[in-house]
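Descriptive structure summary
These are the residues of each chain, in order.
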Amino acid sequence: MTTHDHHHANGICDCIPKWYIDNLGQVGLPYSKVEDYARPPEDSYGSLFLPDRIKKGYHVEELKDGVYWVSGGWYDCMFVCTGNGVIVVDAPPSLGERLLDAIAEVTDEPVTHMVYSHWHADHVGAASMFGPNIKRVAHEKTAELLTRFPDKDRPVPTETFSKDAVLDVNGVKLELSYKGQNHAEGNIFIYAPKQKALAAIDILAPGWVAFKDCDSSENISGWIEAHDQILDYDFDTIVCGHVSRYGTREDVLTAREYTHDIIGFAKQALQEVELEYFMKDLGTGPYMGAFRAAEENYFSAITNLVTKNVLEKTTSNGKLWHQRLNGADVMTKNNAYTMVQKIRLEMSHNGYVTRQGHPEGFFL
Ligand SMILES: [Zn+2]
């Protein structure tokens, strides 16, 4: 057989897979070439290229006084040694049992507690590996969701709270707080006051741009607000769930600035771009009912305008966004699109049509 003649050094075949659709034209999504994009800022790398992370699949590091950070490169989480049992905060399936190795590397204590930041499988999908006997702490919404949509790898939490709670294990304290829906329902803040370490998952990624569509967040108003709620904490380090390093206050301020640039340009573009321009393409022939095409183009125009404005802006430290956040050039379009839609849905922005019509003409 000669079907696998062409291999990269790492053993991955160069041939075009059967499932690969080269170009779907108007109905599909385009592919990108990595060389079309900017070189990533090196201070985003964190644990990514550390020899121990590459060798073992994880990097573990003490943030302060028994609070540890574990990074698999794409996902990270936190655990706390209490002297008589370990509290794990999240168990991403991409780390899986490597998280057990990371814990065993620094302590002989057994895992006695797990805190679920939120119900998403990509952050707590290895929760079952600690067995049936540990205590599982989460917000009541998380328990409700995992009861409604059961998963053998995400056991239903055994202890829940509604607004604020303190988890005290052997005198080591974690303050848990739910401030309302943001990225997900039930997504909580987890704070170690003595160590000034905070975990706030899927709000920002230190050194990296927020993943597509504002990290697939459910409530963008809550997601935006969460940046400020993080800054209300007195923290030195923050674990964010992604990507390859933990963060500081500076990283949160940077993410907040990027987010607010998108909001500002999105509001501006919603005022500036004219739906009529795309409606006239519908004509009077067989395409006159093709509203979806006009809507597509209208929102593409808005999204492109926001993306251009964000990426060309000289930011507060004199740099462009792609020089500050890894992937800003790749994913700003998706973040801009989501922000535009959520401004329409969640924020009052343009009044409503009266009997005299609407001053802006066509109006969505
Ligand atoms: Zn999530």
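Residues numbered from 1 in each chain as written. Predicted model: local features only at pLDDT ≥ 70, side-chain atom pairs only at ≥ 80, totals over all residues. Heavy atoms only, no water.

- Going by an unreviewed UniProt entry, the protein chain carries the name MBL fold metallo-hydrolase and comes from Rhodobacter lacus.
- Here the protein chain is described in UniProt, under the heading Sequence similarities (unreviewed entry), as follows: "Belongs to the metallo-beta-lactamase superfamily. Class-B beta-lactamase family." (UniProt positions renumbered as here; feature names shortened; annotations may be inferred.)

Considerations on the packing of aromatic side chains
- Scanning the model with the defined rule gives eleven aromatic pairs in all.
- For the cation-ring pair, K179 lies above F189, with the distance from its terminal atom to the ring centre recorded as 5.3 Å.
- Here the guanidinium or amino end of K280 rests over the ring plane of Y277, the centre of that ring lying 4.0 Å away. (Phe/Tyr/Trp six-rings, centres within 6.5 Å; stacked < 30°, edge-to-face > 60°. Lys NZ or Arg CZ within 6 Å of the ring centre and 35° of its normal.)

A closer look at the sheet that holds strand β11 (residues 197-200)
- If you trace the five strands from one edge of the open sheet to the other, you get β8-β9-β10-β11-β12, paired in mixed fashion. Edge strands, defined here as strands with exactly one partner in the open sheet, are β8 (164-169) and β12 (237-239). Ignoring strand direction, the axes of neighbouring strands in this sheet form an average angle of 20°.
- Here strand β10 (residues 189-192) pairs with β11 via four bridges, running antiparallel. Residue F189 lies in a different strand from β11, and its bridge partner there is A200.
- Against the sheet, helix α6 (residues 220-231) makes contact with β10, β11 and β12, and its axis sits at roughly 10° relative to β10, the strand it touches most. (Pairing = 2+ DSSP bridges. Helix = DSSP H or I, 4+ residues; strand = E, 2+ residues; numbered from the N terminus. Axes fitted to C-alpha atoms, helices over the stretch in contact; angles between N-to-C directions. Contact = heavy atoms within 4.5 Å.)

Some thoughts on the coordination of the zinc ion
- In the first shell of the zinc ion, the protein supplies H118 (NE2), H120 (ND1), H183 (NE2) and D202 (OD), at 2.1 to 2.2 Å from the metal.
- With four donor atoms in place around the zinc ion and angles of 88 to 174° between them, the coordination shape is irregular.
- On the accessibility criterion, H118 (0% relative accessible area) is buried.
- Given the relative accessible area of 2%, D202 is considered buried. (Donors = N, O, S within 2.8 Å, 3.2 Å for Na, K, Ca; no water. Tetrahedral: all angles 85-135°; square planar, octahedral: opposite > 155°, others 65-115°. Buried < 20%, exposed > 50% of the residue type's maximum accessible area, 1.4 Å probe, protein only.)

A few points about unusual backbone geometry
- Here the residue pair H242 and V243 is connected by a cis peptide bond, since its omega of -10° sits within 30 degrees of zero.
- The topology assignment puts V243 in the loop between β12 and α7 (249-272).
- One non-glycine residue, D202, lies in positive phi territory at about 65°.
- Structurally, D202 is set in the loop between β11 and α5 (212-216).

Focus on the environment of L146
- With respect to the helices and strands, the residue L146 is situated in helix α4 (residues 140-148).
- Looking at L146, the relative accessible area reads 1%, which means it is buried.
- The residues contacting L146, other than those within four sequence positions of it, are Y116, W119, R154, P155, V156 and P157.

Quick notes on the packing of α7 against helix α11 (residues 328-346)
- Where α7 meets α11, the axes come as close as 9 Å, and the angle between the chain directions of the two elements is 60°. Comparing their axes, α11 and α7 come out oblique. Remark: the crossing between α7 and α11 carries right-handed chirality. Note on element contacts: α11 touches α7 through T332, N335, A336, M339, V340, I343 and R344, opposite Y258, T259, I262, I263, A266, K267 and L270.
- The residue makeup of the contact of α7 with α11, split by class, is nine nonpolar, three polar and two charged. (Parallel < 35°, antiparallel > 145°, perpendicular 65-115°, else oblique. Left-handed = near helix turned anticlockwise from the far one by under 90°. Nonpolar A, V, L, I, M, F, W, Y, C, P; charged D, E, K, R; others polar.)

Topic: the sheet that holds strand β5 (residues 111-115)
- Spatially, β1-β2-β3-β4-β5-β6-β7 is the arrangement adopted by the seven strands of the open sheet, whose pairing is mixed. One side of each edge strand has no neighbouring strand; the edge strands of this open sheet are β1 (59-64) and β7 (159-161). On average, each strand axis in the sheet is inclined to that of its neighbour by 20°, with strand direction left out of account.
- As judged from the five bridges shared by β1 and strand β2 (residues 67-71), these two strands associate in the antiparallel manner. Each bridged residue has a counterpart across the sheet, and for H59 the counterpart in β2 is S71.
- Lying over the sheet, helix α2 (residues 98-106) contacts β1, β2, β3 (76-81), β4 (86-89) and β5, oriented at roughly 35° with respect to β3.
- Contacting β6 (135-139) and β7, α4 crosses the sheet at an angle of about 105° to β6.

Considerations on the pattern of salt bridges
- Evaluation of the coordinates by the stated rule reveals 15 salt bridges.
- Notably, a salt bridge pairs R39 with E42, separated by 3.9 Å at the nearest N-O pair.
- Residue D151 is joined to R154 by a salt bridge in which the shortest nitrogen-to-oxygen separation is 2.8 Å.
- Using a relative accessible area of 24% as the deciding quantity, one classes D151 as partly exposed. (Salt bridge = Lys/Arg side-chain N within 4 Å of Asp/Glu carboxyl O.)

Quick notes on the environment of N170
- Mapping N170 onto the fold places it in the loop between β8 and β9 (172-177).
- For the pair N170 and I134, spaced 36 residues apart in sequence, the C-alpha to C-alpha distance is 15 Å.
- Setting aside residues up to four positions removed in sequence, N170 forms contacts with T82, G83 and N84.

Some thoughts on the pairing of β5
- Judged by how many residues are buried, β5 sits mostly within the fold: four of five residues are covered.
- Sheet topology places β4 next to β5; four bridges connect them, and they run parallel. Across the sheet, V86 pairs through a bridge with V111, a residue of β5.
- As for the winding sense of the linkage, the β-α-β connection from β4 through α2 to β5 is right-handed. (Right-handed = clockwise from strand over helix to strand, strands pointing away.)

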